[in-house]
Amino acid sequence: MAEHLEISSGCKREKYEALLPQIEAVVAAESDPIANMANVASMIHETFGFWWTGFYRVIDDMLVLGPFQGPMACTRIHKGRGVCGTAWLTDQTQVVPDVEQFPGHITCSSASRSEIVVPIHDANGEVTGVLDIDSAELNTFDETDRIYLEQVANLFH
Ligand code: SME
């Protein structure tokens, strides 16, 4: 999917360029991953004004809701289900321009229109969770988001 995406405008890139070093500093200063997920969700959410920004963690055989900003959300997602479960199963970032076109999309909030989900790995390359961001507008996410958000996800190795 990613190869069909456009590189977005300088404005978005500039925001990520300013945000990424701040996120790196926050994560470097704290060893607890939950605390870091909480602050990273907040930093991304506040910078871009997304609808929902948060993490799901792999616990046993499910994704379980972790730290987030935005409305309350589904707590457990099976592997292979929805956008999050697909990102886990395929180990690929999912960029969804229109959630209604994604087979099996899980509707946590009817206001969500587009979505990006980025897998998080441990040092062995196993998926340990996902970073999930929802927008209330169509076509919000593109290759620029994928590139920078994968860098954010890599900080949780
Ligand atoms: N829409 C997601 C579920 C999580 S919520 O968006 C927060 C999915 O289909 O996996």
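Coordinates for the structure precede this section.
Residues numbered from 1 in each chain as written. Predicted model: local features only at pLDDT ≥ 70, side-chain atom pairs only at ≥ 80, totals over all residues. Heavy atoms only, no water.

Engineer: Just checking my understanding: could you explain the side chain of Asp145 for this structure?
Structural biologist: With respect to the element layout, Asp145 can be found in helix H4 (residues 143-154). With sequence-adjacent residues up to four places away left out, Asp145 is seen in contact with Lys12, Tyr16, Ile116, Thr140 and Glu150. (Helix = DSSP H or I, 4+ residues; strand = E, 2+ residues; numbered from the N terminus. Contact = heavy atoms within 4.5 Å.)

Engineer: It is not clear to me how the site of the ligand should be interpreted in this structure. Could you clarify?
Structural biologist: Around the ligand lies a shell of 13 residues, among which Val83, Cys84, Ile106, Cys108 and Asp134 are the nearest. Here an oxygen atom of the ligand and a backbone polar atom of Cys84 are 2.8 Å apart. The contact in question runs from a nitrogen atom of the ligand to an N or O atom on the backbone of Ile106, over 2.8 Å. Coverage of the ligand by the protein amounts to 99% of the 310 Å² it exposes when considered alone. Here the ligand is seated within the largest cavity. Considering every element that reaches the shell around the ligand, the biggest residue donor is helix H3 (residues 82-90), with 3 residues. When the residues that make up the shell around the ligand are grouped by side-chain class, the tally is 8 nonpolar, 2 polar and 3 charged. (Near = heavy atom within 4 Å. Polar contact = N/O pair within 3.5 Å; in protein donor to acceptor, adjacent residues only side chain to side chain. Areas by Shrake-Rupley, 256 points an atom, 1.4 Å probe, with all protein chains shown as cover. 1 Å grid on protein atoms, 1.4 Å probe; cavity = no way out; pocket = protein on both sides within 12 Å on 5 of 7 lines; lining within 4 Å. Sits in = over half its atoms within 2 Å of the grid points. Nonpolar A, V, L, I, M, F, W, Y, C, P; charged D, E, K, R; others polar.)

Engineer: Quick question: what am I supposed to make of the environment of Ile23 here?
Structural biologist: Take Ile23: it is sitting in helix H1 (residues 10-28). C-alpha separation for the pair Ile23 and Asn36, spaced 13 residues apart in sequence, amounts to 8.9 Å.

Engineer: Looking at this structure, how should I read the state of the cysteines?
Structural biologist: By definition, a disulfide links two cysteine residues through a covalent bond between their sulfur atoms. Counting across every chain of the model gives 1 disulfide. For Cys74, the disulfide goes to Cys108, at an S-S distance of 2.1 Å. Of note, the bridge from Cys74 to Cys108 carries an S-S torsion of about -125 degrees and is left-handed in sense. Here Cys74, found in the loop between strand S2 (62-69) and strand S3 (76-78), pairs with Cys108, found in the loop between strand S4 (94-96) and strand S5 (114-121); they are 34 residues apart in sequence, far enough to count as distant. For Cys108, a relative accessible area of 33% puts it in the partly exposed group. (Disulfide = S-S within 2.5 Å. Buried < 20%, exposed > 50% of the residue type's maximum accessible area, 1.4 Å probe, protein only.)

Engineer: Looking at this structure, how should I read H3?
Structural biologist: Along an α-helix, a turn takes 3.6 residues, which lines up residues three or four apart on a common side. Within H3, 7 of the 9 residues are buried, leaving the element largely enclosed by the surrounding structure. Every buried residue of H3 is listed here: Gly82, Val83, Cys84, Gly85, Thr86, Ala87 and Trp88. Buried residues in H3 make contact with strand S1 (52-59), S2, S3, S4, S5 and strand S6 (127-135).

Engineer: What exactly am I supposed to notice about H4 here?
Structural biologist: Between its first and last C-alpha, H4 extends 17 Å over 12 residues, near the 16 Å set by a 1.5 Å rise per residue. Three or more residues of H4 are buried, namely Glu143, Thr144, Asp145, Arg146, Tyr148, Leu149, Val152 and Ala153. Backbone nitrogen of Thr144 and a side-chain oxygen of the N-cap are separated by 3.0 Å at the start of H4; the cap is Asp142. (Expected span 1.5 Å × (residues − 1).)

Engineer: Can you walk me through the pattern of salt bridges in this structure?
Structural biologist: Side-chain pairing between opposite charges can occur once the charged atoms of the two side chains come close. The final tally for this structure, using the stated rule, is 4 salt bridges. Measuring nitrogen to oxygen at the nearest pair gives 2.3 Å for the salt bridge that ties Arg146 to Glu143. Here Arg146 pairs with Glu143, and both are found in helix H4, just 3 residues apart, close to one helical turn. Each of Lys12, Asp142 and Asp145 takes part in a single network of salt bridges with overlapping partners. (Salt bridge = Lys/Arg side-chain N within 4 Å of Asp/Glu carboxyl O.)

Engineer: Any chance you could explain empty space enclosed by the protein here in plain terms?
Structural biologist: Per the stated rule, a full pass over the model turns up 1 cavity of 30 Å³ or more. Here the largest cavity defines a volume of roughly 160 Å³. Ile106, Cys108, Glu115, Asp132 and Asp134 are, among the 18 residues lining the largest cavity, the residues nearest its centre. For the lining of the largest cavity, the elements supplying multiple residues, two or more each, are S1, H3 and S6. Counting residues per element, the lining of the largest cavity draws most heavily on H3, at 3 residues. Taken together, the residues that form the lining of the largest cavity break down as 10 nonpolar, 5 polar and 3 charged. (Points joined across faces, edges and corners; volume = space filled by probe spheres on them.)

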